[in-house]
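As a plain string of letters, each chain reads:
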Amino acid sequence: MTLRPLASDDQGEFLDLVSASEDLHRPWMSLPSTPQQFEAYVARYEKPDEESWLVCVRSTGVIAGMVNINSIIRGRLQSGALAYAAFAPTAGQGYMTEGLDLVVRYAFEQLRLHRLEAQIQPDNHASIRLIRRVGFRHEGDSPEFLFIDGAWRDHERWAITNTMIDIRPTAPHPTLPER
Ligand SMILES: CC(C)(COP(=O)(O)OP(=O)(O)OC[C@H]1O[C@@H](n2cnc3c(N)ncnc32)[C@H](O)[C@@H]1OP(=O)(O)O)[C@@H](O)C(=O)NCCC(=O)NCCS
């Protein structure tokens, strides 16, 4: 698998994949489904504190899924929150496991974050299996944590820190205080 940043000219393929993945994504994930929504989504991820990555099959370039790094906070936290989805035509083949692993490495080695979080509803078993496989640990539970599919939903809080996997050593991010 390979990662590439979401771009405006992905609109056609992205919207086709969202439409084909309606049953897979509902009720967990809501992605842009119209050209207007897609344009607003691309604009959102041009800002510095959020990144949107496409997980692509290396040999064909086909988009297999997406991973967003949301709410990047620097200073003493150095964290980001992940949102991710597979697309139906290529789901269930291990592509997202590999893609998420690449994003985790990128976030720790290139963005120099210390921590990534994923908030998951307790009934979303596929997502919990995936995040566990990538090495996240369950830190706890938060009632009414996120507004999803029209209501405030309870979520499990999963996280991974850069000390939990082998990564290339990097200098600390300049916004990290010395002590
Ligand atoms: C959660 C989600 C991203 C998982 O995607 P996925 O396609 O199942 O993930 P992978 O590509 O890593 O595939 C893993 C599955 O493929 C299987 N698999 C098949 N062939 C495989 C291979 N060659 N290598 C690895 N895994 C393989 C694995 O056993 C695994 O199955 P399991 O989940 O039953 O254990 C997907 O279900 C989804 O998009 N859900 C809706 C959106 C969502 O919930 N997002 C998260 C909100 S918190």
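All values reported here derive from a predicted model rather than from experimental measurement. (Residues numbered from 1 in each chain as written. Predicted model: local features only at pLDDT ≥ 70, side-chain atom pairs only at ≥ 80, totals over all residues. Heavy atoms only, no water.)

## Some words on helix H4 (residues 95-109)
Here H4 contains 15 residues, and its C-alpha end-to-end distance of 21 Å stays within 8% of the 21 Å for a straight helix at 1.5 Å per residue. Taken together, the buried positions of H4 are Met-96, Thr-97, Gly-99, Leu-100, Val-103, Val-104, Tyr-106, Ala-107, Phe-108 and Glu-109. (Helix = DSSP H or I, 4+ residues; strand = E, 2+ residues; numbered from the N terminus. Expected span 1.5 Å × (residues − 1). Buried < 20%, exposed > 50% of the residue type's maximum accessible area, 1.4 Å probe, protein only.)

## Some details on helix H1 (residues 11-20)
Regarding H1, the residues found buried are Phe-14, Leu-15, Leu-17 and Val-18. Buried residues in H1, looked at end-on, bunch into an arc of 160°, giving them a common side. Those residues of H1 that are exposed and aimed more than 90 degrees away from the buried face are Asp-16 and Ser-19. Where H1 is buried, its residues contact helix H2 (22-25), helix H3 (35-44), strand S2 (51-56) and strand S3 (63-73). (Arc of directions from axis to C-beta. Contact = heavy atoms within 4.5 Å.)

## Some words on the layout of surface pockets
Size it by volume and the second largest pocket reaches roughly 170 Å³. Along its surface, the second largest pocket is lined by 14 residues, and Arg-112, Asn-162, Pro-172, His-173 and Leu-176 are the ones closest to its centre. Grouping the amino acids of the lining of the second largest pocket by side-chain chemistry returns seven nonpolar, five polar and two charged. (1 Å grid on protein atoms, 1.4 Å probe; cavity = no way out; pocket = protein on both sides within 12 Å on 5 of 7 lines; lining within 4 Å. Points joined across faces, edges and corners; volume = space filled by probe spheres on them. Nonpolar A, V, L, I, M, F, W, Y, C, P; charged D, E, K, R; others polar.)

## A word on the packing of H1 against H3
Taken N-terminus to C-terminus, the directions of H1 and H3 make an angle of 115°; their axes are 11 Å apart at the nearest point. For the element pair H1 / H3, the angle class is roughly perpendicular. In this structure, H1 crosses over H3, and the sense of that crossing is right-handed. On H3, the residues that touch Gln-11, Phe-14 and Leu-15 of H1 are Pro-35, Phe-38, Glu-39 and Tyr-41. (Axes fitted to C-alpha atoms, helices over the stretch in contact; angles between N-to-C directions. Parallel < 35°, antiparallel > 145°, perpendicular 65-115°, else oblique. Left-handed = near helix turned anticlockwise from the far one by under 90°.)

## A few points about the site of the ligand
Surveying the vicinity of the ligand reveals 22 residues, the closest of which are Tyr-84, Ala-86, Gly-92, Thr-97 and Asn-124. Between the ligand and Tyr-84 there is a distance of 2.7 Å, counted from a nitrogen atom to a backbone nitrogen or oxygen. A distance of 2.9 Å is found between an oxygen atom of the ligand and a backbone nitrogen or oxygen belonging to Tyr-95. Looking at the shell around the ligand, the elements with two or more residues in it are H2, strand S4 (79-86), H4, strand S5 (115-120) and helix H5 (125-134). If you tally residues by element for the shell around the ligand, the top one is H5, at five residues. When grouped by side-chain class, the residues that make up the shell around the ligand number twelve nonpolar, eight polar and two charged. (Near = heavy atom within 4 Å. Polar contact = N/O pair within 3.5 Å; in protein donor to acceptor, adjacent residues only side chain to side chain.)

## Details of the sheet that holds strand S7 (residues 151-161)
Here seven strands make up an open sheet; going across it, the order is S1-S2-S3-S4-S5-S7-S6 and the pairing mixed. The outermost strands of the open sheet, each flanked by one partner alone, are strand S1 (2-5) and strand S6 (137-148). Within the sheet, the average angular offset between the axes of one strand and its neighbour, ignoring direction, is 30°. Direction of pairing for S3 relative to S4: antiparallel, over a ladder of seven bridges. Residue pairing across strands places Ile-73 opposite Ser-79, the latter belonging to S4. (Pairing = 2+ DSSP bridges.)

## A closer look at the packing of aromatic side chains
With the rule as written, the count across this model stands at six aromatic pairs. A network of ring pairs unites the aromatic residues Phe-14, Phe-38, Tyr-41, Tyr-45 and Phe-87 as a single cluster. (Phe/Tyr/Trp six-rings, centres within 6.5 Å; stacked < 30°, edge-to-face > 60°.)

## Comments concerning the pattern of salt bridges
As enumerated under the stated definition, the model contains nine salt bridges in all. Between Arg-4 and Asp-10 there is a salt bridge whose closest N-O contact spans 2.9 Å. One salt bridge in this structure joins Arg-115 and Glu-139, with 2.6 Å as the shortest N-O distance. Taken as a pair, Arg-115 in strand S5 and Glu-139 in strand S6 lie far apart in primary sequence, 24 residues in all. (Salt bridge = Lys/Arg side-chain N within 4 Å of Asp/Glu carboxyl O.)

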